[in-house]
Amino acid sequence: MSLCKVCPARATINLTADRARSIIRGADPAYRVIRDEIEDHSRWSVIHLVVIQSVADGRFWQDAYSVGATESQDESPWENGEPTFTEVFPTEQTVIVYK
């Protein structure tokens, strides 16, 4: 459920976990990885936020995945389900930093 009452519904695409893993490894020529950054972490997992772009139509899609935090955690991206990517749009933001 969206918290935004005036925002339009966002398009989604469902991919298989294998295809999504192929995309983030850079092995799928139909998509480019635009951003793949650590968003959060827990004791056992590191959560990434990934933005990909469809080469065919230029649209941007976002989803999160987690990987094991250490070599002892055998966790691969989307191992517990199929990913659903939500359409996102590039937006310019101004950031204030203090030096």
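Here's a quick rundown of the structure. (Residues numbered from 1 in each chain as written. Predicted model: local features only at pLDDT ≥ 70, side-chain atom pairs only at ≥ 80, totals over all residues. Heavy atoms only, no water.)

1. Quick notes on the overall build of the protein chain
- Counting secondary structure elements, the protein chain contains one helix and five strands.
- Walking the protein chain from its N terminus toward its C terminus, one meets helices and strands in the order β-α-β-β-β-β.
- Taken along its principal axes, the extent of the C-alpha atoms in the protein chain is 45 × 40 × 30 Å.
- When the 99 residues of the protein chain are sorted by exposure, 29% land in the buried category.
- Put simply, 44% of the contacts in the protein chain that link residues at least 6 apart link residues at least 24 apart.
- In the structure as shown, the protein chain presents an accessible area of about 7300 Å², 52% of it carried by carbon and sulfur atoms.
- For the protein chain, the distance from the average position of its 10 positive side-chain charges to the average position of its 15 negative side-chain charges is 5 Å. (Helix = DSSP H or I, 4+ residues; strand = E, 2+ residues; numbered from the N terminus. Buried < 20%, exposed > 50% of the residue type's maximum accessible area, 1.4 Å probe, protein only. Contact = heavy atoms within 4.5 Å. Areas by Shrake-Rupley, 256 points an atom, 1.4 Å probe, with all protein chains shown as cover. Lys, Arg positive; Asp, Glu negative; His and termini not counted. Charge placed at Lys NZ, Arg CZ, Asp CG, Glu CD.)

2. Let's talk about unusual backbone geometry
- The phi angle at tryptophan 78 is positive, at roughly 55°, despite the residue not being glycine.
- With respect to the helices and strands, tryptophan 78 occurs in the loop between strand S4 (60-68) and strand S5 (84-88).
- Residue tryptophan 78 is classed as buried on the basis of its relative accessible area, which comes to 9%.

3. A closer look at the packing of aromatic side chains
- Within the structure shown, the criterion is met by two aromatic pairs.
- Arranged with centres 4.9 Å apart and planes meeting at 45°, the rings of tyrosine 65 and tryptophan 78 form a pair that is tilted. Of this pair, tyrosine 65 sits in strand S4 while tryptophan 78 sits in the loop between S4 and S5; the two residues are 13 residues apart in sequence, bridging distant segments of the chain. Accessibility assignment for this pair places tyrosine 65 and tryptophan 78 in one class, buried.
- Plain terms: the ring middles of tryptophan 78 and phenylalanine 85 are 5.8 Å apart, the flat faces sit at 50° to each other, and that makes the pair tilted.
- For phenylalanine 85, a relative accessible area of 1% puts it in the buried group.
- Counting every residue linked through ring pairs, the aromatic cluster contains Tyr65, Trp78 and Phe85. (Phe/Tyr/Trp six-rings, centres within 6.5 Å; stacked < 30°, edge-to-face > 60°.)

4. Considering the environment of proline 77
- When you line up the elements, proline 77 lands in the loop between S4 and S5.
- When near neighbours in sequence (up to four residues on either side) are disregarded, proline 77 contacts Arg21, Ile24, Tyr65, Ser66 and Val67.

5. Describing the pattern of salt bridges
- Inspection of every chain in the model, using the stated rule, returns five salt bridges.
- Taking the shortest distance from any N to any O, the salt bridge between arginine 19 and aspartate 28 comes out at 2.6 Å.
- The buried category is assigned to aspartate 28, whose relative accessible area is 10%.
- Salt-bridge contacts for arginine 59 lead to glutamate 87; the nearest nitrogen and oxygen are separated by 2.9 Å. Pair noted here: arginine 59 is in the loop between strand S3 (45-54) and S4 and glutamate 87 is in strand S5, with a separation of 28 residues, a long-range link.
- Arginine 59 sits in the partly exposed class, given a relative accessible area of 32%.
- When its relative accessible area of 9% is taken as the criterion, glutamate 87 is described as buried.
- One continuous salt-bridge network, built from bridges that share partners, spans Arg35, Glu37 and Glu39. (Salt bridge = Lys/Arg side-chain N within 4 Å of Asp/Glu carboxyl O.)

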